[in-house]
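# Architecture at a glance
Now for the letters of each chain:
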Amino acid sequence: MLEKKEKVLEKKAAAELERAKEFSKAKNKRAAIQSLKRKKLYEQQIEQLGNFQLRIHDQMIMLEAAKATTETVDALRTGAAAMKAMQKATNIDDVDKTMDEINEQTENMKQIQDALSAPLGASADFDEDELEAELEELEGAELESQLLEPVAAPPVHPVQVPGTRIPTRPAPQKASAEEDELAALQAEMAL
Amino acid sequence: MSRPPSPMLSVPEKKTAATELFRDRHFFNSAFFTDLREARASLSAPSSQATTQDAASRRALLLRYHRLLASARDDPCDFDDDLAFTWHDAFRPHLRRTAASLRFEKAAVVFNVGAASSRIAAAVDRAAVGGVKAACGEFQRAAGAFRAAGEMMEGEEEDTEDTVDMGPEASAMLERLMLAQAQECCFERALAAGTSSAACSKVAKQAALYYEEAYASLVIPPLQNHFERSWVAHILLKAALFNAEASYHYAIELHEKTEIGEEIARLQFGINAIVDAKKAVRGAPGSLYDAASRLEQDMNQNLERALNENNRIYLLRVPAAKLLAPLPAASLVRSASLSEILDVKTETGNQSS
């Protein structure tokens, strides 16, 4: 609205300037001066309107800044509330308990791995040095049999070494508890 | 979460006119045919066809007559030339059909056994000990009876204009309705037994599917406009109610797994289903609307809690309703076989399950 009024006043000022020029051509000095005075008045009004607009614009900028500030504070407050809620959910005692549980689980896992690494069954009773010595004897015997004449070769009795395979444990197949529930319910309600 | 048992639908019996059997035969005075004639006369007596008669006694009579009828040979020569059986449509009693067919007679008797079973089931006090199990068994027997009656009528050739209630569409619809109500009994039992939310959700979803199948048949010919409006409203509201129950219990499971985004979407979807159904349905029992409103309140409570937690803690994205996959279902019921339905034990009035 103010901008519209400004345009109207500018048009009027321009019109007065044209009239002043015409009066000047016609050597009517007094009339020309009157037109110039009116032009000055219009320009003053235009300047005043400009000040009005500037003031309103200034306030708009201030309002937007205030809004941004408010939103920022709200966001910070929401974040603080969320952090407080999370902090409430994360109790230091719970953290200690959780860390203890993690350490305990880690220890258990280590023990399980150590137990699995240890030789099991009959193979645990064998001495590594004895086994190596026995292996060398086997290699020696094999070498001798190759060097001697086939006809004169004495019979070789192979040494029986029990297998050292670690027994594999089948992974427990946990049936779905939910399916068990449904099956039990169906059996209960059956005809 | 103890709640009052919700109402169940039962099927009215087909009415019949008196029929003279086995006159003018040399075996007229035999004990067997005297029993048969008397059973048929009792069946068609106006007093015994009143709805106030005890459903168990009525079923016992039907079973006895069926046993006697089955003992008679199927040879048409054994029957009088003017033999005629007249039965009325169960849902439109002014429609009737008369046929000189023993098969028609047997089918009508089996249909009425199903109707009597549904009456027994609907009248059972499901809050009492063993009540929900007894009702479940009777609904399964009713489902089997309606299917058997429909199968018996498949071979009958004549105009089917007045046999809508035993036609293929009605038999299938009634079977589905009875299975839905049996599945609903399983759901009530699951809640009482403290079954997990995921399992309860599956049981509820299957009940909803059965109700939806029954409703789908009711809104197209030949069943359209053949049943009372309150029947259609009842079935539609039950379908929406059990879809919401399935969403509700599935959401509880999601909450325990901290999948809050999908929980919110499931709850909103379920609540919308109830709200839409309550607006659209007219004529269902008031207690059914009350049950829907109570469930809506419970779901709104859980939704509010989930929204608060999501806003403050989890900050998860909520998926759109159209992106949700259909919920899984598990059927715990089946239609009883004809031999189970015609069990001699039930003829004596025992409600063995």
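Going by an unreviewed UniProt entry, chain B carries the name Os02g0638400 protein and comes from Oryza sativa subsp. japonica.

Under an unreviewed UniProt entry, the name given to chain A is Os09g0267600 protein, and the organism recorded is Oryza sativa subsp. japonica.

### Observations concerning the overall build of chain A
For chain A, the helix and strand inventory stands at five helices and zero strands. Ordered by position from N to C terminus, the α and β elements of chain A give α-α-α-α-α. Sorting the 191 residues of chain A into buried and exposed places 9% on the buried side. Sequence separation of at least 24 residues holds for 60% of the intrachain contacts in chain A that already meet a minimum separation of 6.

### Quick word on the environment of leucine 36 of chain A
Residues and elements named next belong to chain A. Locating leucine 36 in the fold gives a position in helix 2 (residues 29–89). A relative accessible area of 40% places leucine 36 in the partly exposed class. Excluding residues that lie within four positions of it along the chain, leucine 36 makes contacts with Leu17 and Ala20.

### Points about a nonpolar patch on the surface
Together, Met86 of chain A together with Ile313, Tyr314 and Leu316 of chain B give the surface a local cluster of nonpolar side chains, amounting to about 300 Å² of exposed area. Along the chain, the position of leucine 316 of chain B falls in the loop between helix 9 (286–314) and helix 10 (338–341). Take leucine 316 of chain B: its relative accessible area is 37%, and that puts it in the partly exposed class.

### Observations regarding the packing of helix 5 (residues 177–189) of chain A against helix 6 (residues 197–218) of chain B
Interaxial distance between helix 5 of chain A and helix 6 of chain B falls to 9 Å at its minimum, and their mutual angle equals 50 degrees. Taken together, the axis directions place helix 5 of chain A and helix 6 of chain B in an arrangement best described as oblique. Our pair here, helix 5 of chain A against helix 6 of chain B, has a crossing hand that is right-handed. Side by side, helix 5 of chain A and helix 6 of chain B meet where Glu178, Glu181, Leu182 and Leu185 of chain A of the first sit next to Ala198, Ala199, Lys202 and Val203 of chain B of the second. By residue class, the composition of the contact of helix 5 of chain A with helix 6 of chain B is five nonpolar, no polar and three charged.

### Here's the deal with the packing of helix 3 (residues 102–123) of chain B against helix 4 (residues 131–154) of chain B
Residues and elements named next belong to chain B. Following both chains from N to C, one finds helix 3 and helix 4 inclined at 160 degrees, their axes separated by 8 Å at the closest point. By the angle between their axes, helix 3 is roughly antiparallel relative to helix 4. Our pair here, helix 3 against helix 4, has a crossing hand that is left-handed. Grouping the constituent residues of the contact of helix 3 with helix 4 by class yields 17 nonpolar, three polar and five charged.

### Describing the interface of chain B and chain A
At the junction of the two partners, chain B supplies 25 residues and chain A supplies eleven residues. Put simply, chain B and chain A have two salt bridges between them. In this structure, lysine 202 of chain B engages glutamate 178 of chain A in a salt bridge whose closest nitrogen and oxygen atoms are separated by 2.7 Å. Applying the counting rule to chain B against chain A returns five residue pairs in polar contact (both at pLDDT 80 or more). Secondary-structure elements contributing two or more residues to the side of chain B that touches chain A are helix 4, helix 5 (168–192), helix 6 and helix 9 of chain B. No other element matches the six residues that helix 4 of chain B contributes to the side of chain B that touches chain A. Partitioned by chemical class, the residues of the side of chain B that touches chain A number twelve nonpolar, six polar and seven charged.

About the cut-offs
- Throughout, residues of each chain are indexed from 1 in the direction in which the sequence is written.
- Whichever chain is written first becomes A and whichever ligand is written first becomes 1, with later ones labelled in order.
- The predicted nature of this model means local features are confined to residues of pLDDT at least 70 and side-chain atom pairs, given and counted, to a pLDDT of 80 or more, with totals for whole chains, interfaces and linings taken over all residues.
- Each side-chain value is worked out from all heavy atoms of the structure, with water and hydrogens disregarded.
- Numbering of helices and strands starts at the N terminus; helices are DSSP runs of H or I of at least 4 residues and strands are runs of E of at least 2.
- Residue exposure (1.4 Å probe, protein chains only): buried if accessible area is under 20% of the type maximum, exposed if over 50%, otherwise partly exposed.
- The contact criterion used throughout is that any non-hydrogen atoms of two residues lie within 4.5 Å.
- Only residues whose relative accessible area exceeds 30% and that take part in no salt bridge are eligible for patches, with like-charged residues grouped when within 9 Å of each other and nonpolar side chains (Val, Leu, Ile, Met, Phe, Trp, Tyr) grouped when within 5 Å.
- For the area figures, the Shrake-Rupley method with a 1.4 Å probe applies, and any residue is considered shielded solely by the protein chains shown.
- We count a salt bridge whenever a side-chain nitrogen from Lys or Arg sits within 4 Å of a carboxyl oxygen from Asp or Glu.
- Only the contacting stretch of a helix is used when fitting its axis, a line to C-alpha atoms as for every element, and angles between N-to-C directions run 0 to 180 degrees.
- Angle categories are assigned with fixed cut-offs, so that under 35 degrees is roughly parallel, over 145 is roughly antiparallel, 65 to 115 is roughly perpendicular, and the rest are oblique.
- In this scheme the crossing of two helices becomes right-handed for a clockwise turn of the near helix relative to the far one and left-handed for an anticlockwise turn of less than a right angle.
- Three categories are distinguished: nonpolar for Ala, Val, Leu, Ile, Met, Phe, Trp, Tyr, Cys and Pro, charged for Asp, Glu, Lys and Arg, and polar for the others, with Gly belonging to the last.
- Polar contacts here mean pairs of N or O atoms no more than 3.5 Å apart (in protein, one a potential hydrogen donor and the other a potential acceptor; neighbouring residues in sequence count only if both atoms are side-chain atoms).

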